[in-house]
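Structure assessment
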Amino acid sequence: MKKLLDRMIGSLVFKIALAIVIVETILLGLFGGYYVQYFGAEIDRRIAEQISTPGRLIQDEQLKVSILSDPQQMERLLGEHLQQAMAIGFDGTIYHAIDPLLIGNSINVIPDFPADELRPDLTEPLLFTSDEDDDHSMVSITPLFSLNANQPFMYVYLKVSTKGLEESQRQMQSVLLIGSAMCILLTSALIFLFTQQTVLNRLITAAQFVNKIQIGKLSSRLTPMGRDEIGTLERGLNAMAESLERRTQQHQIAQDALRDSEERFRDFTLSSADWYWEMGADLKIAFASYKFYQLIEEINGSPQGQSFDRLGLHSEHPEGWHYLQRRLDEHMSFQNVEFSWTSRSGEKNYGRINGVPVFALDGSFNGYRGTGSNVTAQHRAAEEQEALQRQLATSQKLEAVGQMAGGVAHEFNNCLAGILSFAEVARAKIDDPDRVKEYLDHVISLGERATSVADQLLMFSRRRIDQPTNVRVQSIFSEMEKLLVTLLEHRIELQIWSNEPELYTRVDPTQLSACILNLAINARDAMPEGGKLQISCSSITIPPLAKRVPDEDIETYPDDIAGEFVVITVQDTGTGIPEDILENIFEPFFSTKEPGKGTGLGLSIVHSWVEEAHGFINVESIEGEGTTFSVYLPQSEKGVEATRQVDEVDNVPGNGERILIVDDEQALRTTASIMLEDAGFRTDTAKSTEEALEVLKQAEPSDPYDVILTDVVMSGRSGPQLIIEALRQNQRYGVVFMSGYPARSRKELDKLLGNYVFIKKPFRPAQLQKAIHDAIALRAERQNT
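Small disclaimer: the values here were computed from a predicted structure and weren't measured.

What to know about the overall build of the chain
Scanning the chain from N- to C-terminus turns up 18 helices and 23 strands. Counting all 785 residues of the chain, 36% fall into the buried class. Summarising the internal contacts of the chain: among those between residues at least 6 apart in sequence, 62% fall at separations of at least 24. When the accessible surface of the chain is totalled, it reaches about 45,800 Å², and 53% of it is carbon and sulfur.

Below, the structure is given as structure tokens:
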């Protein structure tokens, strides 16, 4: 029964019904209370008007004052609840009354009579209520004046019980409340039935579809019932099922290929024949089996009388031949020395040799005997296995990227729609420079927005180039606080501060923001019922291993870490992490979340980036109480490098310098040329490495090119290959690389080319001008040295 009750309370149907009842109850309270007060006030007004009417008619001489002595007439006028009607003189004498016994008497004989209200200065009818024991009454006193008199000569006193009227009022209120309650129930039922038909049934169908997918029925599909939000969800679930089915098929194909590769490797091992060889005391080959002889003869002629280093074989290890020669000189055995060779067809092959020394009976050294194996098949199988594993990892990672694809496509479509619209409007308003400038500003803003989306996607796919700068951690906190408040929603209290505001570390600010964001998302997911998230920053000095306190520092910090560090702490009050899986949380694709709610990449990406930034990360967790992540990053000095934003770069015009622009995209060549020529540079363009080299060759010695601006990745030979060839011909060129999706990392480019300038696409004119001037400055430094 308890499970059934919990299931009912937790169901969406119950929550919708409860929300409808609460909303309509509030509306009933507001509007019902208003109408009850309104009708109550209206009844009081009508009672007051009714009781004051006879006095007003007598005052206007439309009724005779003697009617007050006629009980039947007064009852017709004021109803059965009339208690007293009298005409009282200014001296307090009763001249008319429905009770004949009171006529001629003074008002003093009437208990609790409000004699003070019969004032000489009373000019307007007076109306008030009177409470006597359990009876509630309303009293009207109307003054009567003689011609041209300033004071009343008589007062009309009327007293009516309101008890019956109040009872009628309560009955009317009850009817109003009952009717309103019935309207609420009827409206709630209609709304619930409508929601049941249009929302809940479709959600139940979607949930059943998800269950089918979960148990492996990947061919199941939903039938979208409309183009509303649930229809979008249904189409998205269909797309997810199609993608999952396709990925599963690809995974199966990969598994089959891997199995085939392993079977092929086993067949090679079983069917291969070893080589046999023998060398004399002079360490020259004296005998070789047929397969070994055939192998060496193909690449280097007959092996007879040759030493190993003369056979045309290449060691696969830098110290391979040195190790082999040392073992041979010392007359010691050796095993598994690997080498490679290239056959006449250009194919690279691999082999492995083993050998033991041979001694005569008298102990003299006679040479070596050994075996060799062609392990080319094993190498091929290992390479294929690594490739398949990379494909599998990429497939799983792309599945995570696929979850972002809808949002990214939607964002790009919004940006493109805005850019096209503003461009069309600007073209239509070409004669209005101010309007054109306004529209172009919008186009630039939308382009930057699209660039931001691309940066986020590239960062997630690990293909974005890191751009380390001297970052003030407090500034990152300030920039992210609004995003985190939105992300965490109202159920989680966010506290973010820095114990030392002027803490700096040299990292890529975008990657640091992504690191904090990933940890915050994990913390949010660990607090489904709400809680507190604290993000703080402090500094710490880590002593060298020899100076650490036993049982404290040794277990906290890695052995090879020492120095000043910035510590960014992300602490939550969530469910905590079980101790048995704490060591696995940084592994790629490891996740404790429900299927479809986590890719297992977040903490892996954080861990990898922190290590690349020469830091480390610690985690402490108590199950049921919360988790604390501490990110340690090397501390840098304040002001080592300015963290100037890209948008703040000033224009740096040229002075006739000659620039060669190389890119396989016509649009990018054109825009870069326009930017530079407008800034005072001279430009030429080339669409490929070959064309660029030809242009450089044809340049006049008296007017050479100053800078080569080239894309990193192009069809045919790449930008780095162009620069290597150009600098080989002439060392005077400055170099600027541009790319938004580079094929090489910055580290690889540094190792390959040394000093150069890099600019990320898309770029602004001022950024491009600055990059050109930086390249010219680097060229001057290179020439001076």
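Observations concerning helix α15 (residues 689-698)
Within the span of α15, buried status applies to T689, A692, L693, V695 and L696. Buried residues in α15, looked at end-on, bunch into an arc of 160°, giving them a common side. Turned more than 90 degrees off the buried face of α15, the exposed positions are K697 and Q698. Where the residues of α15 are buried, they touch β19 (658-662), β20 (682-686), β21 (707-711) and α16 (719-729).

Some points on the sheet that holds strand β9 (residues 334-342)
The strand order across the open sheet built from six strands is β7-β6-β11-β10-β9-β8, with neighbouring strands paired in antiparallel fashion. The open sheet has two edge strands with one neighbour each: β7 (285-288) and β8 (314-315). Bridging between strand β6 (residues 275-279) and strand β11 (residues 365-374) involves five bridges; their strand directions are antiparallel. Counterpart to W275 in the pairing with β11 is G372. Strands in contact with helix α7 (residues 320-329) are β6, β8, β9, β10 (348-359) and β11; relative to β9, the strand with the most contacts, it is inclined by about 135°.

Observations concerning the nonpolar core
Membership of the largest hydrophobic core comes to 38 residues, with the highest contact counts inside it found for L512, L533, I568, F629 and L633. Elements with a minimum of two residues in this core: α10 (473-488), β13 (492-498), α11 (509-525), β15 (531-542), β16 (563-572), α13 (602-612), β17 (616-622) and β18 (626-636). When neighbours within four sequence positions are excluded, F629 is seen to be in contact with L519, I568, T569, V570, I577, I585, F586, L603, I617, N618 and V619.

Regarding the pattern of salt bridges
Throughout the structure, instances matching the rule amount to 20 salt bridges. Put simply, D525 and R524 hold a salt bridge, and the shortest N to O gap is 3.1 Å. The salt bridge involving D684 is made with R658; its shortest N-O contact spans 3.3 Å. With a gap of 26 residues between them, D684 in strand β20 and R658 in strand β19 connect regions that are remote in the sequence. Several salt bridges converge on common partners, so that one network encompasses R658, R682, D684 and D703.

Digging into α16
Burial in α16 covers these residues: G719, P720, L722, I723, A726 and L727. Axial view of α16: buried residues confined to an arc of 150°, hence all on one face.

What to know about the sheet that holds strand β23 (residues 757-760)
Here five strands make up an open sheet; going across it, the order is β20-β19-β21-β22-β23 and the pairing parallel. Looking at the sheet topology across the chains shown, the edges are occupied by β20 and β23. Recorded for the sheet is a direction-independent mean angle of 20° between the axes of neighbouring strands. Sheet analysis places β19 next to β21, joined by four bridges and oriented parallel. What sits directly across from I659, in β21, is V707. Lying on the sheet, helix α14 (residues 666-678) is in contact with β19, β20 and β21; it crosses β20 at an angle near 170°.

Brief notes about a nonpolar patch on the surface
A contiguous nonpolar patch, built from L18, I22, V23, I26, L27 and L30 and spanning about 540 Å² of accessible area, is present on the exposed surface. Note on placement: L27 falls in helix α2 (residues 12-59).

As for the confidence of the model for the chain
Of all residues in the chain, 79% attain a pLDDT of 70 or more, and the chain-wide mean is 78. When the criterion is pLDDT under 50, residues 595-600 qualifies, and its contacts beyond four places in sequence or with other chains add up to eleven contacts. Considering only residues more than four positions removed or in separate chains, one finds that residues 640-648, a stretch of pLDDT under 50, has 13 contacts.

Quick notes on the side chain of R524
With respect to the element layout, R524 can be found in helix α11. Polar contacts involving the side chain of R524 include one to the side chain of D525, which spans 3.1 Å.

A word on the packing of aromatic side chains
Using the criterion set out here, one finds eight aromatic pairs in the structure. Where F334 meets Y368, the ring centres are 5.7 Å apart and the plane angle is 45°; that geometry is what we call tilted. Residue F334 is found in strand β9, and its partner Y368 is found in strand β11; the two are separated by 34 residues along the sequence. What makes F334 buried here is its relative accessible area of 0%. Measuring from ring centre to ring centre gives 6.2 Å for Y557 and F616, while their planes differ by 75°; the resulting arrangement is edge-to-face. Note that Y557 is positioned in the loop between α12 (553-556) and β16 and F616 in strand β17, a separation of 59 residues in sequence. Neither Y557 nor F616 differs from the other in exposure class; each is buried.

Parameters and conventions
- Residues numbered from 1 in each chain as written.
- Predicted model: local features only at pLDDT ≥ 70, side-chain atom pairs only at ≥ 80, totals over all residues.
- Heavy atoms only, no water.
- Helix = DSSP H or I, 4+ residues; strand = E, 2+ residues; numbered from the N terminus.
- Buried < 20%, exposed > 50% of the residue type's maximum accessible area, 1.4 Å probe, protein only.
- Contact = heavy atoms within 4.5 Å.
- Areas by Shrake-Rupley, 256 points an atom, 1.4 Å probe, with all protein chains shown as cover.
- Arc of directions from axis to C-beta.
- Pairing = 2+ DSSP bridges.
- Axes fitted to C-alpha atoms, helices over the stretch in contact; angles between N-to-C directions.
- Core = buried A, V, L, I, M, F, W, Y, C linked by side-chain atoms within 4.5 Å.
- Salt bridge = Lys/Arg side-chain N within 4 Å of Asp/Glu carboxyl O.
- Patch = residues over 30% accessible without salt bridge, like charges linked within 9 Å, V, L, I, M, F, W, Y side chains within 5 Å.
- pLDDT = per-residue confidence, 0-100.
- Polar contact = N/O pair within 3.5 Å; in protein donor to acceptor, adjacent residues only side chain to side chain.
- Phe/Tyr/Trp six-rings, centres within 6.5 Å; stacked < 30°, edge-to-face > 60°.

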